[in-house]
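# Understanding the architecture of this molecule
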Amino acid sequence: MKTDASKKPLDGIKVVEFGQNLAGPYCGLILAFLGAEVVKVERPEGDDARKWGPPFLEGDALGFIALNRGKKSITCDLADKTQRDALVERIGKADIFLHNLRADVPAKFGIDGPALTKRFPQLIYADLGAFGHKGPWKERPGYEPIIQAVAGLFSVNGDPSGPESRIGVSIIDLSTGMWTAIGILAALAKRHATGLGSLVNTSLFESGLMWASNHVAGYSVTGKMPARQGSGHPSLTPYQAFRCTDGLLMVCPGNDRLWRKFADVLGHPEWPDEARFRRNADRMVQRDVLLPMIEAIMEKESRAHWSAKLDAAGVPHGPMNSIPQVMDLAQVAALGMFSRPYDGSAAQFHGLPVSIDGERAGHDGKAPRIGEHNGKA
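What you see is a predicted model, and the numbers here were worked out from it, not measured in a lab. (Residues numbered from 1 in each chain as written. Predicted model: local features only at pLDDT ≥ 70, side-chain atom pairs only at ≥ 80, totals over all residues. Heavy atoms only, no water.)

## Some thoughts on the sheet that holds strand E9 (residues 240-244)
- Taken together, three strands build an open sheet; the order of strands is E9-E10-E11 and the sheet is antiparallel. The sheet is open, and its two borders are formed by E9 and strand E11 (317-319), each paired with just one other strand. Here the strands of the sheet are splayed against their neighbours by 30° on average, with no regard to which way each runs. (Pairing = 2+ DSSP bridges. Helix = DSSP H or I, 4+ residues; strand = E, 2+ residues; numbered from the N terminus. Axes fitted to C-alpha atoms, helices over the stretch in contact; angles between N-to-C directions.)

## Some details on the pairing of strand E2 (residues 37-42)
- Burial runs high along E2: five of the six residues are buried.
- Regarding topology, helix H1 (residues 23-33) serves as the crossover connection from strand E1 (residues 14-18) to the parallel E2, and that connection is right-handed. (Buried < 20%, exposed > 50% of the residue type's maximum accessible area, 1.4 Å probe, protein only. Right-handed = clockwise from strand over helix to strand, strands pointing away.)

## Examining the state of the cysteines
- Evaluated as defined, the whole model comprises zero disulfides.
- With no disulfide partner, Cys27 has as its closest neighbouring cysteine sulfur the one in Cys76, 20 Å distant. (Disulfide = S-S within 2.5 Å.)

## Considerations on the nonpolar core
- Core analysis: the largest hydrophobic core is formed by 26 residues, its most contacted members being Leu31, Ile96 and Ile184.
- Of all elements in the fold, only H1, strand E6 (96-99), strand E7 (124-129) and helix H7 (171-194) reach the threshold of two or more residues within this core.
- At seven residues, the largest contribution of residues to this core is made by H1. (Core = buried A, V, L, I, M, F, W, Y, C linked by side-chain atoms within 4.5 Å.)

## Describing empty space enclosed by the protein
- For the structure shown, the criterion picks out one cavity of 30 Å³ or more.
- Taken as a whole, the largest cavity spans an internal volume of roughly 40 Å³. (1 Å grid on protein atoms, 1.4 Å probe; cavity = no way out; pocket = protein on both sides within 12 Å on 5 of 7 lines; lining within 4 Å. Points joined across faces, edges and corners; volume = space filled by probe spheres on them.)

## Observations concerning the environment of Met250
- For Met250, the position within the fold is in strand E10 (residues 247-251).
- Taking the C-alpha atoms as reference, Met250 lies 9.7 Å from Arg303; in sequence the two are 53 residues apart.
- Among all residues touching Met250, those that are not within four sequence positions of it are Ser231, Gln240, Ala241, Pro316, His317, Gly318 and Met320. (Contact = heavy atoms within 4.5 Å.)

## Side note on the pattern of salt bridges
- One pass over the structure, following the stated rule, counts 18 salt bridges.
- Between Glu37 and Lys14 there is a salt bridge, with its nearest N and O atoms 3.6 Å apart. With Glu37 in strand E2 and Lys14 in strand E1, this pair connects stretches of sequence that are 23 residues apart.
- Looking at Glu37, the relative accessible area reads 32%, which means it is partly exposed.
- Using a relative accessible area of 38% as the deciding quantity, one classes Lys14 as partly exposed.
- The salt bridge partner of Lys71 is Glu17, with a shortest N-O separation of 2.6 Å. With Lys71 in the loop between helix H2 (62-68) and strand E5 (72-75) and Glu17 in strand E1, this residue pair connects regions lying 54 residues apart in the sequence.
- Linked through salt bridges whose partners overlap, the residues forming this network are Glu17, Lys40, Asp47 and Lys71. (Salt bridge = Lys/Arg side-chain N within 4 Å of Asp/Glu carboxyl O.)

## Concerning the layout of surface pockets
- By volume, the largest pocket is sized at about 1,100 Å³.
- Along the wall of the largest pocket there are 48 residues; nearest its centre are Gln20, Asn100, Leu101, Arg102 and Ala103.
- Going through the elements one at a time, helix H4 (105-108), helix H5 (113-119), E7, helix H6 (144-150) and strand E8 (199-203) are the ones with two or more residues in the lining of the largest pocket.
- Its boundaries defined by the atoms lining it, the second largest pocket holds a volume of some 670 Å³.
- Along its surface, the second largest pocket is lined by 21 residues, and Gly63, Ala66, Leu67, Leu174 and His350 are the ones closest to its centre.
- Mapped by element, the contributors of at least two residues to the lining of the second largest pocket are H2, H7, helix H14 (323-327) and strand E13 (349-350).
- No other element matches H2, which puts four residues into the lining of the second largest pocket.
- Looking at the lining of the second largest pocket residue by residue, the class counts come to 15 nonpolar, six polar and no charged. (Nonpolar A, V, L, I, M, F, W, Y, C, P; charged D, E, K, R; others polar.)

## Comments concerning the packing of H1 against H7
- Interaxial distance between H1 and H7 falls to 8 Å at its minimum, and their mutual angle equals 50°. By the angle between their axes, H1 is oblique relative to H7. Taken as a pair, H1 and H7 cross one another with a handedness that is right-handed. Across the interface between the two elements, Ala23, Tyr26, Cys27, Ile30 and Leu31 of H1 pack against Asp173, Leu174, Thr176, Gly177, Met178, Thr180, Ala181, Ile184 and Leu185 of H7.
- Of the residues that constitute the contact of H1 with H7, the class distribution is 10 nonpolar, three polar and one charged. (Parallel < 35°, antiparallel > 145°, perpendicular 65-115°, else oblique. Left-handed = near helix turned anticlockwise from the far one by under 90°.)

## Quick look at the sheet that holds E1
- Judged by pairing direction, the sheet is parallel, and its six strands sit side by side in the order E5-E2-E1-E6-E7-E8 without closing on themselves. Each edge of the sheet is formed by a strand with only one pairing partner; in this case those strands are E5 and E8. Taken over all neighbouring pairs, the strand axes of this sheet differ in orientation by 20° on average, direction set aside.
- In the sheet, E6 pairs with E7 via four bridges, with the strands oriented parallel. Bridging from a neighbouring strand, His99 pairs with Asp127 of E7.
- Where helix H3 (residues 81-93) meets the sheet, it contacts E1, E2, E5 and E6, and its direction lies at approximately 145° from that of E1.

That's the geometry; what it means functionally is another story.
Structure, rendered in structure tokens:
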């Protein structure tokens, strides 16, 4: 049987997204970029993220645009019974209802998971919360930096000589959107087998705990607080950035074989044969001795000098780039991750970091205006 090569994986799937800020809209974006029809429901005043700027483009913040391209927008005042009933009717005709509303809102207006999945047995209902769907904090609100703080991520991030630091990207929001999309895709597979929908629960806090899980495992065994590493790693040495004459170069010889190659590049092939530097466990004990020895060598030459030698030896490495330097990379251009969907604007927006049959998941759609598709979608 011939297949339509242009057909996307989620073509024909209908999604109603009552998403706001980052996490919910990012989940909706993933589904839209995979081919689903996503109708974004907004309060009459619109998603708060529309105002999270500058910079702005055509009246909306760039962050909002980045996570809402290719969707339709309708408005709904949940306090208005007529509008609420119309929303429920729309949800009943959809495959997926996705939201990250405040925890007490869905039940208050009769759009909670138990109510809607009972009424619509085939519906996949995805509830993306702040601290989880059960427990003493289940109704507590939360934003990205609060979750990073409460989940312990601040405590393990930053240079050990400075203060604790927030991770500089919204890793909690975006990863929770990803986990929710994964849960939805699993529920679609289950529905294909059973004919029944599912209630999918995710939360920002659970994502934070997942990111902290390796540190939790270490603490559970050692009883010691994990130290902040700067650019380094708590379990590998050497595995960090080293200063060169023109900036920092990350070098990551992730096993003893690569360590031997790195030592050769540094002009010290004898180091891996010394008992104190032979195995990674030995080097971890001696890291305060070894790391300054490496930096004293590397800081005498440029990044390009060391990069050529490390490339020849097959040692993984890369320069510590600024955003402008990232966008100048030929590899970025080759991958085609970014596009300019707004004519006359230099603003670049991402596709998904996945390609299917050689085609990147994503498209050049624009973000909708508030209520642009009222009465149309």
